[in-house]
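The residues making up each chain are set out below.
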Amino acid sequence: MAAGRSLSRSERKAAARAELLRQEEQRERRRQVSRILHKPAAERSPDEAFLLAGCQEIVRDLERLRKKRERLRCRLEEVCDEPEELKKKVSKLSLAVRAAKHLIIYTGAGISTAASIPDYRGPNGVWTMLQKGRNIRAADLSEAEPTLTHMSIACLHKHKLVHHVVSQNCDGLHLRSGLPQEALSELHGNMYIEVCTSCIPNREYVRVFDVTERTALHRHHTGRMCHKCGAQLRDTIVHFGEKGILQQPLNWEAAIEAASKADVILCLGSSLKVLKKYPHLWCMSKPPRRRPKLYIVNLQWTPKDDLAALKLHGKCDDVMKLLMDELGLPIPCYDRTKDPIFSLATPLRPEESSSHSRKPVAPPASLHEVQLGEQPPVPEIPFSGGWFGRGCAKGTKRKKAS
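Every value quoted in this text rests on a predicted model; they were computed, and no experiment measured them.

1. Quick look at the overall build of the chain
- What the chain contains, in helices and strands, is 10 helices and 10 strands.
- Every one of the 402 residues in the chain was classed for burial, and the buried ones make up 45%.
- Taking the intrachain contacts of the chain between residues at least 6 apart in sequence as the baseline, contacts between residues at least 24 apart amount to 65%.
- As displayed, the chain offers around 22,700 Å² of accessible surface, 53% of which is attributable to carbon and sulfur atoms.

2. Comments concerning the packing of helix H4 (residues 83-99) against helix H9 (residues 316-327)
- At their nearest, the axes of H4 and H9 sit 9 Å apart, and the two run at 55° to each other. Between H4 and H9, the crossing angle belongs to the class labelled oblique. Between H4 and H9 lies a crossing of right-handed hand. In this structure, H4 uses Leu-86, Lys-87, Val-90, Ser-91, Leu-93, Ser-94, Val-97 and Arg-98 to contact H9, whose residues at the interface are Val-319, Leu-322, Leu-323, Glu-326 and Leu-327.

3. Side note on the pattern of salt bridges
- One pass over the full model with this rule turns up 21 salt bridges.
- Of the charged contacts, one joins Glu-145 and Arg-336 as a salt bridge, the two residues approaching to 2.9 Å between their closest N and O atoms. Residue Glu-145 is found in the loop between helix H5 (126-131) and helix H6 (148-158), and its partner Arg-336 is found in the loop between H9 and helix H10 (340-344); the two are separated by 191 residues along the sequence.
- Classification of Glu-145 by relative accessible area gives partly exposed; the value is 33%.
- Through salt bridges with shared partners, a single network forms among Glu-24, Arg-27, Glu-28, Arg-31 and Arg-35.

4. A word on the packing of aromatic side chains
- In this structure the tally under the stated criterion is two aromatic pairs.
- Arranged with centres 5.3 Å apart and planes meeting at 85°, the rings of Tyr-106 and Trp-282 form a pair that is edge-to-face. Of this pair, Tyr-106 sits in strand S1 (residues 103-107) while Trp-282 sits in the loop between strand S8 (264-268) and strand S9 (293-297), placing them 176 residues apart in sequence.
- Judged by relative accessible area, Tyr-106 falls into the buried class, the value being 0%.
- Under the relative-accessibility criterion, Trp-282 is labelled buried at 6%.
- Ring centres of Trp-252 and Tyr-278 lie 5.0 Å apart, and the angle between their planes is 85°; this geometry places the pair in the edge-to-face category. Here the residue Trp-252 occupies a position in helix H8 (residues 252-261), and Tyr-278 occupies one in the loop between S8 and S9, the gap between them amounting to 26 residues.
- For Lys-304, the ring lying beneath its charged end belongs to Trp-282, and the centroid distance is 4.6 Å.

5. With respect to the packing of H6 against H9
- Where H6 meets H9, the closest approach of the two axes is 9 Å, and the angle between their N-to-C directions is 35°. Crossing handedness for the pair H6 and H9: left-handed. Where H6 abuts H9, its residues Leu-148, Thr-149, Ser-152, Ile-153, Cys-155 and Leu-156 lie against Cys-316, Asp-317, Met-320, Lys-321, Met-324 and Leu-327.
- Here the contact of H6 with H9 is composed, by residue class, of eight nonpolar, two polar and two charged.

6. A few points about the nonpolar core
- Counting 30 residues, the largest nonpolar core has Leu-93, Leu-266, Leu-268 and Leu-312 as the members making the most contacts within it.
- Listing elements by their share of this core, those giving two or more residues are H4, S1, H6, S8, S9, strand S10 (310-312) and H9.
- The leading source of residues in this core is H9, at six residues.
- Counting 21 residues, the second-largest nonpolar core is a separate cluster that includes Ile-193, Val-195, Ala-345 and Leu-348.

7. Some details on the state of the cysteines
- On inspection of all chains with the given rule, the structure shows zero disulfides.
- Cysteine Cys-229 shares no disulfide, and the gap to the nearest cysteine sulfur, in Cys-196, comes to 3.5 Å.

8. Section: the side chain of Lys-89
- When you line up the elements, Lys-89 lands in helix H4.
- Aside from chain neighbours lying at most four places away, what touches Lys-89 is Asp-81, Leu-310, Lys-311, Leu-312 and His-313.

9. Focus: the sheet that holds S9
- Spatially, the six strands line up as an open sheet ordered S3-S2-S1-S8-S9-S10, and their pairing is parallel. Edge positions in the open sheet fall to strand S3 (184-186) and S10, since each of these has one partner strand only. In this sheet, neighbouring strand axes are inclined to one another by 15° on average, regardless of whether the strands run parallel or antiparallel.
- Where S9 lies against S10, three bridges are found, and the strand directions are parallel. Paired with Tyr-295 across the two strands is Leu-310, which belongs to S10.
- Where H4 meets the sheet, it contacts S1, S8, S9 and S10, and its direction lies at approximately 130° from that of S10.

10. Points about helix H2 (residues 46-53)
- Here H2 has its buried residues at Glu-48, Leu-51 and Leu-52. The buried residues of H2 all sit within an arc of 100° when viewed along its axis, so they share a single face. H2 presents Pro-46, Asp-47, Phe-50 and Ala-53 as exposed residues on the side facing more than 90 degrees away from its buried surface.
- At its buried positions, H2 is contacted by helix H1 (9-37) and helix H3 (56-76).

11. Some details on the sheet that holds strand S7 (residues 232-235)
- Spatially, the four strands line up as an open sheet ordered S5-S4-S7-S6, and their pairing is antiparallel. Two strands in the sheet have a free side with no partner beyond their single neighbour: strand S5 (203-206) and strand S6 (221-225). Taken pair by pair, the neighbouring strands of this sheet meet at an average axis angle of 35°, ignoring direction.
- The sheet contact formed by strand S4 (residues 193-196) and S5 spans four bridges and is antiparallel. Looking at the pairing, Cys-196 lines up with Arg-203 of S5.

Conventions and cut-offs
Residues numbered from 1 in each chain as written. Predicted model: local features only at pLDDT ≥ 70, side-chain atom pairs only at ≥ 80, totals over all residues. Heavy atoms only, no water. Helix = DSSP H or I, 4+ residues; strand = E, 2+ residues; numbered from the N terminus. Buried < 20%, exposed > 50% of the residue type's maximum accessible area, 1.4 Å probe, protein only. Contact = heavy atoms within 4.5 Å. Areas by Shrake-Rupley, 256 points an atom, 1.4 Å probe, with all protein chains shown as cover. Axes fitted to C-alpha atoms, helices over the stretch in contact; angles between N-to-C directions. Parallel < 35°, antiparallel > 145°, perpendicular 65-115°, else oblique. Left-handed = near helix turned anticlockwise from the far one by under 90°. Salt bridge = Lys/Arg side-chain N within 4 Å of Asp/Glu carboxyl O. Phe/Tyr/Trp six-rings, centres within 6.5 Å; stacked < 30°, edge-to-face > 60°. Lys NZ or Arg CZ within 6 Å of the ring centre and 35° of its normal. Nonpolar A, V, L, I, M, F, W, Y, C, P; charged D, E, K, R; others polar. Core = buried A, V, L, I, M, F, W, Y, C linked by side-chain atoms within 4.5 Å. Disulfide = S-S within 2.5 Å. Pairing = 2+ DSSP bridges. Arc of directions from axis to C-beta.

Written out as structure tokens, the structure is:
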């Protein structure tokens, strides 16, 4: 072809066909090499060995992919320390807790699995099930109660061994365990709290039911109105892809202040794949030797494992029971008659009685006289919407309203 002459239409089409054929030949060659590599070396024919020798770049690329998949598979595996090994590790953890001047705790979904609330990245987690194309198992969140871990954390705070708790959970169980709101940062919101952002400061409404029934990603209005100004209330949930802007219950200011003072951070039941993205929580601006010592309790790999002073592979309840025994502190049992949600809750107005169909947290018999507003009958319907329904469907497209 003469220099500078542009290709004709037929020449461009021929070049495009040739490129498609070349790409298809490459894909077929890659498939052939992959099939051969799956065979034991002793079973490969001379022709197959010759093909591998001539495709070393493809072989190296496939080997890199195989190792990457193996690493990812290993990271998803749940590992448990042997009982004696776990006890030794908990003994070391107890020394760190006693010696800490400013201990803070970061919690994830793993501390609530004992309350029958699924986690996200475990074998039966929400993301794991969605990635496998399976439906999320419905859970009656109104029946969930604070776990042994929740009650232990509240006890540690009461005894001034823990200064602040930063939680990724939306289930409200920290609040219900008796942990004071000022000692808690719920970075992703609380399913029992809706707020009026028109009021300054924002007016908070604690309910005894999941307020997220009508809400989802980028859609936060709950359908109820502020009793003060009449503006629409919104939930407090921060979905994936959103930025938390509410002061409460997210309480970012207190979380950052606590992290800046911390000398020990205890991470319980979190993969840390989200929390690692918040540098202020890890004091990354400080020199490494001046950063807080990190202790991690999780069954799976986390991206902070290499930085941890100690990694404990165990269930949170098992570890916390051993820790509280080491510290000589009795773990308080959850008592529904003392659940703070009933004293904090704002009653629904009569006209709001049909504004939700979620089952409320039932007060014990001795608290029936507490005025929680008339609750509508709850139909037996599957959960939808909110932080545990459509709002969790990562990557799914919302249907246009008809």
